[in-house]
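Residue-level structural notes
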Amino acid sequence: MSLTQAVKAEARRLGFDFVGVTTPEPPASFSNYSRWIEAGHHGEMSYLATDRALHRRADLLQILPECKSILVLSMRYDKPAATAPSPENPIQSRIAAYAWGADYHDVIPERLERLIAFMEKETRKTIPNRWYTDTGPVLERDLGQRAGLGWIGKNSMLINPQLGSYFFLAEVFLGIDLEPDQTFTSDHCGTCTRCIQACPTDCILSERTIDAKRCLSYLTIELKGPIPTPLRNKMSSWIFGCDICQQVCPWNQRFAPHEGDPNFSVRPNLQTADFHTELTLKHADFNQRFKSSPIKRAKRRGYLRNIAVALGNSAKRESIPFLAQALLSDPEALVRSHAAWALGNIGDEHSQNALKQAENQETDKWVLEEIKAALS
Ligand code: SF4
Ligand code: SF4
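This one's a predicted model, so the numbers in the text were calculated from it and none came from an experiment.

About the criteria used
- Residues numbered from 1 in each chain as written.
- Chains lettered and ligands numbered in written order.
- Predicted model: local features only at pLDDT ≥ 70, side-chain atom pairs only at ≥ 80, totals over all residues.
- Near = placed C-beta within 6 Å.
- Helix = DSSP H or I, 4+ residues; strand = E, 2+ residues; numbered from the N terminus.
- Nonpolar A, V, L, I, M, F, W, Y, C, P; charged D, E, K, R; others polar.
- Axes fitted to C-alpha atoms, helices over the stretch in contact; angles between N-to-C directions.
- Parallel < 35°, antiparallel > 145°, perpendicular 65-115°, else oblique.
- Contact = placed C-beta atoms within 7 Å.
- Buried ≥ 20, exposed ≤ 12 C-beta atoms within 10 Å, placed from the backbone.
- Pairing = 2+ DSSP bridges.
- Core = buried A, V, L, I, M, F, W, Y, C linked by C-beta atoms within 7 Å.
- Domains from an automatic or database assignment.

Things to note about the site of ligand 1
Surrounding ligand 1, one finds 13 residues, the nearest of these being Cys199, Cys215, Cys242, Ile244 and Cys245. Elements that contribute at least two residues to the shell around ligand 1 include exactly helix H7 (216–222) and helix H9 (244–247). In terms of residue class, the shell around ligand 1 is built from ten nonpolar, three polar and no charged.

Section: the packing of helix H14 (residues 299–314) against helix H16 (residues 333–346)
Look at H14 against H16: their axes get within 8 Å of each other, and the N-to-C directions meet at 5 degrees. One finds that H14 runs roughly parallel with respect to H16. Facing Arg301, Leu304, Arg305, Ala308, Val309, Leu311, Gly312 and Asn313 of H14, the residues of H16 in contact are Leu334, Val335, His338, Ala339, Trp341, Ala342, Asn345 and Ile346.

Things to note about the pairing of strand E1 (residues 18–22)
Regular strands place their side chains on alternate faces of the sheet. Here E1 lies mainly inside the structure; five of its five residues are buried. Residues Phe18, Gly20 and Thr22 point to one face of E1 and Val19 and Val21 to the other, with burial holding for every one of them. As paired elements, E1 and strand E2 (residues 69–76) share five bridges and run antiparallel to each other. Counterpart to Phe18 in the pairing with E2 is Ser74.

Observations concerning the nonpolar core
Counting residues in each nonpolar core, the largest one holds 105 residues, and the members touching the most others are Ala308, Leu323, Ala340 and Leu343. When residues of this core are assigned to their parent elements, the largest contribution, eight residues, is made by H16. Two domains each provide a minimum of three residues to this core, namely domain 1 (3–78 + 98–174) and domain 2 (274–376).

Some words on the environment of Ala96
Within the secondary structure layout, Ala96 lies in the loop between E2 and helix H4 (104–123). The spacing of Ala96 and Pro294 is 198 residues in sequence and 10 Å in space, taken between C-alpha atoms. Ignoring anything within four residues of it in the chain, the contact list for Ala96 reads Ser217, Phe240, Gly241, Cys242 and Asp243.

Worth remembering: the numbers are spatial, not functional.
This is the structure in structure tokens:
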């Protein structure tokens, strides 16, 4: 068995589904990415647009000068069932499936380290290396395509004909020669436009990119401030990420396996929680509930902001006491302001009373503006 075959076999033994090898040549999609940055589609994610990050994406040898080959690996997570958007569903169904279980930043690195240790044992030398799993300045889908794992779909996801797109990617830059795989050259999207039609904010652009500023994944996770008012209704009841453009993809519907790595299976507390009690989470509750979960990235304030918007969109009278309590007593202006918007969206006498009561006691200028807008 060649070293490349042995490394791939070990990677599969460690739980990776597909493993490909590519070279550190410049990524073909860099000019596309550069145009995406210039157009400002990255929103507030300024770390993507620094000179250092751009140079590293363009020239992979800046990441590891000794790099001779790059391993690209995939690890599956569970496939979500398509459900009608409603807060009556368990909150699990309104959270992107990749975030149901353990944080991949905690699970995947340990396996990458074991894979590198295996290679060093096999070659009996120290191998210069650098690895990433969604954490570094790497156009990972481009590298995945070049390593033969799949094609970049119109929804911008890397799609594998046998796995669909419900998987994480990791890349290991290595200072040794491995046999590169053939680039995945065919495009299996064909004339399909299902993801483009289904996207609630029309944010899927040409050139297989997304206008992040309008994407629910960005709005519910990366955006730290208020959700732009015209986009709140588009969020429906998504509270962390969005799976719509993957759920409608025929490659996921027909071919993606139902179960992924067990570490990413849904946590029981997401199956039992409901939107109303989530809105009452204190800091300590949030930190405990989402310890080692990707959801902690939104922080309590962002998560409760999203819950308030979801409840406003569902416009159920039974949500009013919970939203009123958040408006009157939550310590975060961000949460209070979105609770005000949600009450305005429900718009009945009880929600108006709660808004008037808050108007008399609120001191934050920005929250007061939201209250006034909601009352009007
Ligand atoms: S994640 Fe949701 S909002 Fe973002 S592109 Fe896909 S469907 Fe559109
Ligand atoms: S839904 Fe259709 S167009 Fe979109 S990524 Fe899937 S196959 Fe491609």
